[in-house]
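# Secondary and tertiary structure notes
Residues per chain are reported as follows:
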Amino acid sequence: MQTDQILILAILACTVGLFLWGRWRHDLVAGASLLACVAVGLVGAEQAFAGFGHPAVITVACVLVLSRGLQTSGAVDALTRVVLPSKAGPMLSIAALTALAALLSAFMNNVGALALLMPVAVQIARKQSLAPGQVLMPLAFGSILGGMTTLIGTPPNLIVSGFRQELGGAPFSMFDYTPVGAAVAVAGVLLLVLGGWKLVPVRREAAVEGFDPGAYLTEVRVPEGARAVGKTVREIETLLDEHDAQVVGMVQAELRVHAPNPSRVVRADDILVIEADADVLSEVLARLGAKLEEDVPSEPDDADATDAGSNDTDAHDTAPTPIDDATPDGDTAPDDRSDDARTPHADIVLQEIAVLPGSGLAGRSASELDLRTRYSINVLAISRAGHRSRKRLRSQRLQDGDLLLVQGTQAAIAAFAAEFGGVPLAERALRIPDRRKAITAALILLGAIIATASGLVPAAVAFAAGVVASMALRTVPPREVYGAIDWPVVVLLAALIPVAGAMESTGTADLIARVLFESVAQGHPVIGLVLILVVTMTLSDLMNNAATAAVMCPIAIGAAGTLGVNADPYLMAVAVGASCAFLTPIGHQNNTLILGPGGFRFSDYWRLGLPVQLLVLLVSIPMLLWIWPL
């Protein structure tokens, strides 16, 4: 081996290792890999950032923007209302939902399609008396399967198309993926519907009913001379830290305050609403010098009944009626605010929020986000991989796939979820906010698809034109365009494309291909095709699918050259394999997104995922050999 080959293999091994470790974000790892290649001279400095202008990268960014137009305009809600049956059994409901997810994922971002349908899936599960995971896992897998059916369905398809173009041929067209992808998707959806959902482990529902935010929400009165008098809410919570208690509301000067501002000062005769376990209440009272006012069990049914405006006067008398505690700019509101500033008690709700992969919530805590001051929201509980946590919720750092139980007004929770990338799982009305924009957004996407499929213009140009049209016609407001783009994915692709080029230019891809296919495949093209698919599927279960495609495409091309066969079936095998991450919650963003709401554990995915991956292997190999002969 030459020095350049040793260097690129070392960098590639470190890159894959960091991807598998998962401690650093994928875009950070990819950027470090690119800079390492530049530092050792494998990639020229002038070519280091050429990947940002690569057609695949441009197309991915544009498709994400057009997907946002479909979401915000209500086009997907309209389709959901038409397709999903109102009265059906579990199998038909799961079939309709999974098929719709596969259809949407063929033409829009997979994560966006799943996020739109997750609230519907949770409602179907409750209606059919199923565990949420039994509907969510088929939904997630169906959205992944649907993405492999078109050029724009998933980033790996665009990457594979770009590598084919670099071979000197034309890139794959919009529907070149459809014969193989559709066969695999149909077979996979049928497996999911005809009994696959029964293989999903039944876990305790990670919903409001399944949370245990504390044994009691206890009202305590602060008497004259108590230790708590004159202290701020923040200082009181510091005193309560060791008891895992927190202040979730208060009554001050006859005003009932929800999610009190941390800087609010506690006065004599104030009532604090404290969330704490029953066995530490006496210590909490001693710490504050407070007296027990009223014990209110924090049962979800009671909370829901109260939030719904129960006519039970006792419930209203003993529970504080929250009001907003911050002005719009986040400053503390004066204590003598007028009655028109009050928030009706019925507006305060408990709601679940799923943390989207790569959202602004990941890696941050409730206290860092300043949720009380900015949004008047309380975080009452966190579910992570099916395990509920009450330990210092304010300081616990969130992760992708976490499920939060929050308390606040519907408007505050919606604003919080929209800003930070969360999916509210409460029931929602399926309606069209703007019929004209919904139709316009659908027509723009359809026009871009037709322009690409007909060969009139390259995909990047067609979808860029679609983005301009969306901005001009306001289906996606210009100020939201850049927020619609998943920048970590864009940076990941742009950084790895030059790294993959270095693998080719140094002959490393050919070297790996020769070792693998001369020693393992023994020079047999069909065995080589199976090997490419299996290796790609395995890597995709452990690391980002776009990264998997970028790493495997040069190897697939080298393998075809070593075996003296057409490279197209090998590239298509990479596209299929990179889209088939069903064994772990980390292989695909959609698997991560359902981790909390489904109450899943890491080991739960293989029970349904392994049969799906075996089916993909059995269906795709004959289809690849038929549609793309060696």
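Please refer to the structure placed before this passage.
Computed from a predicted model, the values in this text were never measured in an experiment.

## Some points on the overall build of the protein
A tally of regular secondary structure across the protein gives 26 helices and ten strands. Among the 630 residues that make up the protein, the fraction classed as buried is 57%. Restricting the contact set of the protein to residue pairs at least 6 apart, pairs at least 24 apart contribute 79%. Counting only carbon and sulfur atoms, one obtains 59% of the accessible surface of the protein, whose full area is about 24,800 Å².

## Overview of the packing of helix α10 (residues 233-240) against helix α11 (residues 281-288)
It is at 10 Å that the axes of α10 and α11 come closest, and there the two elements cross at 135 degrees. Taken together, α10 and α11 sit at an angle that is classed as oblique. Crossing hand, α10 versus α11: right-handed. Across from I236, L239 and L240 in α10, the residues of α11 making contact are V284, R287 and L288. Split by residue class, the contact of α10 with α11 holds five nonpolar, no polar and one charged.

## Let's talk about helix α7 (residues 132-147)
In a regular helix each residue adds 1.5 Å, so 16 residues correspond to 22 Å; α7 covers 23 Å between its end C-alpha atoms and thus fits that length. In terms of residue burial, α7 counts as a mostly covered element, since 16 of its 16 residues are buried.

## Section: the packing of helix α1 (residues 3-21) against helix α20 (residues 487-505)
At a minimum axis distance of 10 Å, the contact between α1 and α20 shows a crossing angle of 150 degrees. Crossing of α1 against α20: the hand is left-handed. Contacts from I8, L12 and F19 in α1 reach L492, L496, V499, A502 and M503 in α20. Of the residues assigned to the contact of α1 with α20, the class counts are eight nonpolar, no polar and no charged.

## Looking at the environment of I353
Mapped onto the elements, I353 comes out in strand β6 (residues 348-355). Given a relative accessible area of 0%, I353 falls into the buried group. Distance from I353 to L404, taken between C-alpha atoms, is 5.0 Å for residues 51 residues apart in sequence. When sequence neighbours within four positions are dropped, the list of residues in contact with I353 reads D402, L403, L404, V406, I413, F416, A417, G422, V423 and P424.

## Regarding the nonpolar core
Counting residues in each nonpolar core, the largest one holds 146 residues, and the members touching the most others are L97, F141, F463, I532, Y570 and V616. Element by element, the count of residues in this core is highest for helix α23 (residues 545-563), at 13 residues. Apart from residues no more than four positions distant in its own chain, F141 is found in contact with L192, F582, N591, Y605, L608, G609 and V612.

## Re the pattern of salt bridges
Enumeration according to the criterion identifies two salt bridges in this entry. Put simply, E352 and R126 hold a salt bridge, and the shortest N to O gap is 3.2 Å. Placement of E352 in strand β6 and of R126 in helix α6 (residues 110-127) is noted, with a sequence separation of 226 residues between them. Under the relative-accessibility criterion, E352 is labelled buried at 4%. A salt bridge links D568 to R164; its shortest N-O distance comes to 2.9 Å. Pair noted here: D568 is in helix α24 (residues 568-578) and R164 is in helix α8 (residues 155-166), with a separation of 404 residues, a long-range link. On the basis of relative accessible area, D568 is assigned to the buried category, the value being 10%. For R164, a relative accessible area of 17% translates into the label buried.

Rules used in this analysis
- Within every chain, residues take consecutive numbers counted from 1 along the sequence as written.
- Two thresholds apply to this predicted model, a pLDDT of at least 70 for residue-level local features and 80 or more for giving and counting side-chain atom pairs, whereas whole-chain, interface and lining totals are computed over all residues.
- For the side-chain quantities, the full set of heavy atoms in the structure was used; hydrogens and water were omitted.
- By the criteria applied, helices consist of DSSP H or I runs no shorter than four residues and strands consist of E runs no shorter than two, each listed in order from the N terminus.
- Three labels apply to residues, based on accessible area from a 1.4 Å probe with only protein chains included: buried if under 20% of the type maximum, exposed if over 50%, partly exposed otherwise in between.
- The criterion used for residue contact is that any of the two residues' heavy atoms lie within 4.5 Å.
- Here the open area of atoms and residues is found with the Shrake-Rupley method and a 1.4 Å probe, where only the protein chains shown may cover a residue.
- Only the stretch in contact is used when a helix axis is fitted, and all axes are lines through C-alpha atoms; the angle between N-to-C directions ranges over 0 to 180 degrees.
- By definition in this entry, angles of less than 35 degrees are roughly parallel, angles greater than 145 are roughly antiparallel, angles of 65 to 115 are roughly perpendicular, and the rest are oblique.
- Take the far helix as the reference: if the near one is turned anticlockwise from it by less than a right angle, the crossing is left-handed, and if turned clockwise, right-handed.
- Gly is put with the polar residues, along with every residue not named as nonpolar or charged; the nonpolar set is Ala, Val, Leu, Ile, Met, Phe, Trp, Tyr, Cys and Pro, and the charged set is Asp, Glu, Lys and Arg.
- Multiplying 1.5 Å by the helix residue count minus one yields the expected span of that helix.
- Definition of nonpolar core: a set of buried residues of the types Ala, Val, Leu, Ile, Met, Phe, Trp, Tyr and Cys, connected through side-chain atoms within 4.5 Å.
- A side-chain nitrogen of Lys or Arg and a carboxyl oxygen of Asp or Glu constitute a salt bridge if their distance falls within 4 Å.

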